[in-house]
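Summary of structural features
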Amino acid sequence: MCSGESKTNYQFPGTKVGRLRAVFVAPSATVMAVLFFAPLLIIVAYSLLSRGPYGGVMHPWTPENYRRVFDPLYGQVLWRSIWIAGAATALCLILGFPLALYIARAKRHRTLLLNLVMLPFWTSFLIRIYAWMFLLRDTGLINTALQELHVISQPLPLLFNTGAVILGLVYGYLPFTVLPLYATLEKLDPELLDAAEDLGASPWSALWRVTVPLSRSGIIAGCLLVFIPCVGAYLTPDLMGGGKTVMAGNLVQNQFTTARDWPFGAAASLVLMLLVLAIMQILRRRSEELL
Amino acid sequence: MNRRIFLLSVGGGPLACTLGRERRLNVYNWENYVASSTIPNFEREFQCRVRYATYGSAEEILAKVMSGNSGWDVVFPSNSFVRPMRELALLERLDHQRLTNLDQLEARFRAPKWDPLLEWCVPYMHSATGILYSKSVSRTPLAWADLWTDSYQRRVTMLDDSAEVFGACLKRMGCSINSGDPAELKRARDMAVRQKPLLRAYLSEEVRDQVIAGDVLVAQMWAQVAQVAMDNAANLAFSFPTEGFALYADNCCILRESKHKDLAYEFLNYLLRPQVAAAIAMEMRTATANAGARQLLPEAQRRDIVLYPTAETLARGEWFEALPGRVQRIRDRYWTEIKAA
């Protein structure tokens, strides 16, 4: 290393390009170091300390918090979060892929359609979840309409169950699948499909054997962008699930609020993070084999 | 630069600074706890600026001020948080000489259990946990035990709060809401798990709209929130369960870290003025701990037995206390088990 101030030049140390690169990378590297790695280190330290009497942390150092995370009770909570997040991700993909494909192939109004996908972000997520609660509750629009039309005599239990939680997650994160999928599908060369057709592939077969494999990176990105926040979600399970189910996010949140057990909360969130990383790796490998 | 303008700016600098150094006070309170005129009137009278913000949970405020340099001057912890905050040396010991309106407090708040000499806090608002219900139900829920019957077609909610759910279970068992006894807590947990299939959900304040709309018929609820619901729907009523129930009070405290203690004392004393406290209670429909203020309320509100239960009812109430870490941990574990069941 020639230049003392640059930490991030790997390829062209000392050269003009290398120095320039360091200058441009430095701000984002600093932001990452200060706002991501430093808090992460604090969380790691917290997870190894003992619970303070009223929240906070104190000595001595102990691995006890990690031992507690592997209690079957918390395993059950983690497993629940993973399957609910998995279900939401699968639904997002099933709904999002055709939508992204349609927008990518639309001849006109493509920008408008994309803006419509992003439109929900213009209002707060909390308000949108409350809107869903208004729609789904016993005296809500759906139940009232169905009762007025004499389709049902008793209100359907639409709110405060696992289905409602999954619905809320799918609704909230669908744009995150559509956008990366659109980005890959839009770049797809239409001539490849012509070629497939010339070679005798039916539209279905072309979809499965050409379009889907070529949009793999979009599918993976879309799935990860949904799965990761869903595993840690706590607002949706609380509001749409009526607090009757507990997901990992609620567990962690509880430790930092009512239970005032910061070290355990820190340990639980780190285990959750590692678990998500592991699942990501497995999915990536699998998808490489499959697609 | 023109010399005259230069001289003017040099002379004007210090002047602008003194003008800019207005007195400031930072107040962090619960939502719905001051009237629209409270803060502007204080600013006008005491020539200061108030930075006012609100929070929604007692834990939030503790977590924020725990560092000791939160930047707030006056906060409003619940009764069970006064002792922890005092033990963490976060609170300023109050000088009663400077709180001339302290004698306006209701007698039972002049020596409250959580701070008998009012050394650390001034009680502000109070309430209790009971049952908000629709008068249309066939069985009037007068006891916690009623919430374990299937008379309400699963249209029952409990608060999404472990202390409140354990409180109801423990009271039903004839125990203290602050119980730390593992055997009692275990029985309370089993009781809550048995109740779960009968419940629509665990919801806190947000259930209010659903009770008004008629989705939920019976809800464990705080009296103050229930009162607002009852003001909006004539078919609702509130009961203080026969087995006993939880009481709570929020208190004004000056943080030890405060750099504006003089103004903070003025603010506490201002809030204790009967006219000020009455305006808040009237506009926000809360229950003031200020006896002088209560006298100023309209007859109907002064005699409101939901906001101001009778002495006979209050005898069944029990104050929440700060629980030791060991107990907190058992309760959290059981709470997770209830939620995961």
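Rules of the game
- Residues numbered from 1 in each chain as written.
- Chains lettered and ligands numbered in written order.
- Predicted model: local features only at pLDDT ≥ 70, side-chain atom pairs only at ≥ 80, totals over all residues.
- Helix = DSSP H or I, 4+ residues; strand = E, 2+ residues; numbered from the N terminus.
- Buried ≥ 20, exposed ≤ 12 C-beta atoms within 10 Å, placed from the backbone.
- Contact = placed C-beta atoms within 7 Å.
- Domains from an automatic or database assignment.
- Nonpolar A, V, L, I, M, F, W, Y, C, P; charged D, E, K, R; others polar.
- Expected span 1.5 Å × (residues − 1).
- Pairing = 2+ DSSP bridges.
- Right-handed = clockwise from strand over helix to strand, strands pointing away.

**Describing the overall build of chain B**
When helices and strands are counted, chain B shows 14 helices and 10 strands. Reported as C-alpha extents along the three principal axes, the dimensions of chain B are approximately 85 × 45 × 45 Å. Counting only residues that meet the buried cut, chain B has 44% of its 341 residues in that class. Across chain B, the fraction of contacts at a sequence separation of at least 24, relative to all contacts at a separation of at least 6, is 75%.

**A short note on the domain arrangement of chain A**
By a widely used convention, the size of an interface equals the accessible area lost when the partners come together. All names here are of chain A. Segmentation of chain A into domains returns domain 1 (1-47) and domain 2 (66-290). Between the C-alpha centres of domain 1 and domain 2 the distance comes to 33 Å. On the side of domain 2, 6 residues touch domain 1, which itself brings 4 residues to the contact. Taken together, the residues that form the side of domain 1 that touches domain 2 break down as 3 nonpolar, 1 polar and no charged.

**A word on helix H6 (residues 182-195) of chain B**
With 14 residues, H6(B) should reach 20 Å at 1.5 Å per residue; the first-to-last C-alpha distance of 20 Å fits that figure. Among the structural elements, helix H5 (162-172) and helix H14 (325-340) of chain B are those in contact with the buried residues of H6(B).

**Regarding the environment of B:Lys135**
Checked against the element boundaries, B:Lys135 lands in the loop between strand S4 (122-134) and strand S5 (156-158). Apart from residues no more than four positions distant in its own chain, B:Lys135 is found in contact with B:Asn235, B:Leu236 and B:Ala237.

**Describing the interface of chain A and chain B**
Across the contact, 24 residues belong to chain A and 25 residues belong to chain B. Put simply, the parts of the chain that give the side of chain A that touches chain B at least two residues each are helix H3 (72-105) and helix H12 (248-256) of chain A. Of all the elements, H3(A) adds the most residues to the side of chain A that touches chain B, at 3 residues. Looking at the side of chain A that touches chain B residue by residue, the classes come out as 8 nonpolar, 10 polar and 6 charged.

**As for the pairing of strand S8 (residues 236-239) of chain B**
All names here are of chain B. Alternating positions in S8 separate cleanly, Leu236 and Phe238 being buried on one face and Ala237 and Ser239 remaining unburied on the opposite face. Two strands pair when backbone bridges link them, and S4 and S8 are joined in this way by 4 bridges, in the antiparallel orientation. When the bridges of S8 are listed, Ser134 appears paired with Leu236.

**Section: unusual backbone geometry**
All names here are of chain A. Between His59 and the following residue, Pro60, the backbone shows a cis peptide bond with an omega angle of 0°. By secondary structure assignment, the location of Pro60 is in the loop between strand S2 (57-58) and helix H2 (64-69). Even without glycine at this site, Arg260 takes up a positive phi of about 50°. Counting through the fold element by element, Arg260 comes out in the loop between H12 and helix H13 (262-290). When the 25 C-beta atoms within 10 Å are taken as the criterion, Arg260 is described as buried.

**A closer look at the domain arrangement of chain B**
Residues and elements named next belong to chain B. Assigned domains of chain B: these are domain 1 (23-126 + 248-309) and domain 2 (127-247 + 315-340). Listed per partner, the contact involves 16 residues of domain 1 and 17 residues of domain 2. Looking at the side of domain 1 that touches domain 2, the elements with two or more residues in it are helix H4 (79-87) and S4. When residues in the side of domain 1 that touches domain 2 are grouped by element, the largest group, 5 residues, is from H4. Of the residues contributing to the side of domain 1 that touches domain 2, the split by class is 9 nonpolar, 4 polar and 3 charged.

**Things to note about the pairing of strand S2 (residues 48-55) of chain B**
Residue and element names in this part refer to chain B. Judged from the 8 bridges that link them, strand S1 (residues 23-30) and S2 form a sheet pairing that is parallel. Residue pairing across strands places Leu25 opposite Val50, the latter belonging to S2. Each parallel crossover has a hand, and the one from S1 via helix H2 (residues 38-46) to S2 is right-handed.

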